[in-house]
Amino acid sequence: MRVNGDEKSLNGVYTLKDFLAREGYDITRIAVEKNGVIIPKTSFESETLDENDRLEIVTFVGGG
């Protein structure tokens, strides 16, 4: 699977929510695109991943 251009191994079946937790993402501060489609946060728990997927994960940063 490719995440932000880097190769990642799944080593099992993951939901998007589980994968993001494994990788240390704060799901309240990100947006995720899977294979060119933006995934709503309400679908993170049911959206499954496989080795052929491409994810783009954008982290929101606050500041002034």
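Residues numbered from 1 in each chain as written. Predicted model: local features only at pLDDT ≥ 70, side-chain atom pairs only at ≥ 80, totals over all residues. Heavy atoms only, no water.

For the structure on display, the rule yields six salt bridges. The partner of K8 in a salt bridge is E23, with the nearest N and O atoms 3.0 Å apart. Here K8, found in the loop between strand 2 (6-7) and strand 3 (14-15), pairs with E23, found in the loop between helix 1 (16-22) and strand 4 (30-34); they are 15 residues apart in sequence, far enough to count as distant. Exposure remark for K8: the relative accessible area of 29% places this residue in the partly exposed category. Under the relative-accessibility criterion, E23 is labelled partly exposed at 28%. In this structure, K34 and D53 form a salt bridge, with 3.9 Å as the shortest nitrogen-oxygen distance. (Salt bridge = Lys/Arg side-chain N within 4 Å of Asp/Glu carboxyl O. Helix = DSSP H or I, 4+ residues; strand = E, 2+ residues; numbered from the N terminus. Buried < 20%, exposed > 50% of the residue type's maximum accessible area, 1.4 Å probe, protein only.)

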